[in-house]
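As a plain string of letters, each chain reads:
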Amino acid sequence: ERRWFGAVLVGAIAFAIYLRTAARSAPYGDGPELTVAAYQLGVPHPTGYPLYTLLGHLFIRCIPFGEIIFRMTLMSVIASALTIGVLYALGTALFRRRWIAAFVALFFAFTDTFWQHAVVTEVYALHMLLVTSALTCLVFWDRTGKAGYLRAAALIYGLSLAHHLMTIMWAPALILMVALSPHRRQAREQWGW
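Residues numbered from 1 in each chain as written. Predicted model: local features only at pLDDT ≥ 70, side-chain atom pairs only at ≥ 80, totals over all residues. Heavy atoms only, no water.

Enquirer: Any chance you could explain the packing of helix H3 (residues 50–62) against helix H4 (residues 68–95) here in plain terms?
Expert: Think of two packed helices as two axes; the pair is described by the angle between the axes and how far apart they sit. For the pair H3 and H4, interaxial distance at closest approach is 9 Å and the crossing angle is 120 degrees. In this structure, H3 crosses over H4, and the sense of that crossing is right-handed. The residues of H4 that touch H3, namely those facing Tyr 52, Leu 55, Gly 56, Phe 59 and Ile 60, are Ile 68, Arg 71, Met 72, Leu 74, Met 75, Ser 76 and Ile 78. Across the contact of H3 with H4, the residue classes break down as nine nonpolar, two polar and one charged. (Axes fitted to C-alpha atoms, helices over the stretch in contact; angles between N-to-C directions. Helix = DSSP H or I, 4+ residues; strand = E, 2+ residues; numbered from the N terminus. Left-handed = near helix turned anticlockwise from the far one by under 90°. Contact = heavy atoms within 4.5 Å. Nonpolar A, V, L, I, M, F, W, Y, C, P; charged D, E, K, R; others polar.)

Enquirer: It is not clear to me how the nonpolar core should be interpreted in this structure. Could you clarify?
Expert: A general tendency of soluble globular proteins is for nonpolar side chains to be buried together. If you look at the biggest cluster of nonpolar residues, it comprises 54 residues, and the most contacted ones within it are Tyr 18, Tyr 52, Ile 84, Tyr 88 and Leu 138. The greatest single-element share of this core, amounting to 13 residues, is contributed by H4. Setting aside residues up to four positions removed in sequence, Ile 84 forms contacts with Val 10, Ala 14, Tyr 18, Ala 105, Phe 108, Ala 109 and Phe 114. (Core = buried A, V, L, I, M, F, W, Y, C linked by side-chain atoms within 4.5 Å. Buried < 20%, exposed > 50% of the residue type's maximum accessible area, 1.4 Å probe, protein only.)

Enquirer: Just checking my understanding: could you explain the packing of helix H7 (residues 124–144) against helix H8 (residues 147–161) for this structure?
Expert: At a closest axis distance of 8 Å, the pairing of H7 and H8 adopts a crossing angle of 160 degrees. By the angle between their directions, the pair H7 and H8 is classed as roughly antiparallel. Considering only the axes of H7 and H8, their crossing is left-handed. Residues His 127, Leu 130, Val 131, Ser 133, Ala 134, Cys 137, Leu 138, Phe 140, Trp 141 and Thr 144 of H7 form the contact with H8, whose participating residues are Ala 147, Tyr 149, Leu 150, Ala 152, Ala 153, Ile 156, Tyr 157, Leu 159 and Ser 160. (Parallel < 35°, antiparallel > 145°, perpendicular 65-115°, else oblique.)

Enquirer: Where do I start with the confidence of the model for the chain in this structure?
Expert: Predicted coordinates in areas of low pLDDT are best not read in detail. Averaged over all residues, the pLDDT of the chain equals 90, while 97% of them reach at least 70. For the chain, helix H10 (residues 184–191) is the element with the lowest average pLDDT, namely 77, and helix H5 (residues 98–109) is the one with the highest, namely 95. (pLDDT = per-residue confidence, 0-100.)

Enquirer: Looking at this structure, I do not really get the packing of aromatic side chains. What am I missing?
Expert: Aromatic ring pairs are described here by two measures, namely the spacing of the ring centres and the angle between the planes. As enumerated under the stated definition, the model contains seven aromatic pairs in all. Pairing Trp 4 with Phe 140 gives two aromatic rings, centres 6.1 Å apart and planes at 80 degrees, and the pair type is edge-to-face. Of the two residues, Trp 4 sits in helix H1 (residues 2–21) while Phe 140 sits in helix H7, which places them 136 residues apart along the sequence. By relative accessible area, Trp 4 is classed as partly exposed at 41%. On the accessibility criterion, Phe 140 (5% relative accessible area) is buried. With a centroid separation of 5.4 Å and 70 degrees between ring planes, the pair formed by Phe 140 and Tyr 149 is classed as edge-to-face. Of note, Arg 61 hangs over the ring of Tyr 39, and the distance from its end group to the ring centre comes to 4.8 Å. (Phe/Tyr/Trp six-rings, centres within 6.5 Å; stacked < 30°, edge-to-face > 60°. Lys NZ or Arg CZ within 6 Å of the ring centre and 35° of its normal.)

Enquirer: When you look at the environment of Ala 125 in this model, what are you seeing that I'm missing?
Expert: Relative to the elements of secondary structure, Ala 125 occurs in helix H7. Distance in space between the C-alpha atoms of Ala 125 and Val 77 is 7.7 Å, their sequence separation being 48 residues. Discounting residues that sit within four places of it in the chain, Ala 125 has contacts with Ser 76, Ala 79, Ser 80, Thr 83 and His 117.

Laid out in structure tokens, this is it:
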């Protein structure tokens, strides 16, 4: 489908630029602490970021090149590029024009704050990927009524809770979105809400 081809293309553009500008060492922030925790399967500062730590450990073990901290940065680069691809897919559902979706996704990709977190070892890139993916699944469920999207949104939201507790702030909006959807009866029947 064209939506997914566009998502891959927009994500690849972001990936190429993020990779080119990615930090090759630990310039500042929590990067060194998060890297050591992932390397040793330890616990960084509260809340501990268990999903990030486990995924970081996999990246450190599975990526055969570069310094350990760069491997962790690569995880942020990939998560950020995937976020931009997912944002493009969400944009096609909301705006119904691929060029507008591409413009919005790439504009967001290169905003100062998002770009800063995309090119260093930090937890926010994974957080954005999970939250954006859950929201996109809910929008697709709302548009199509396909139960798989609702189940995917619930799974991704649960993973996001295992990553960053700020995800709890999204709960009221997501619940309201389900409650106001024309497919809300399907959600009640499936989960007894």
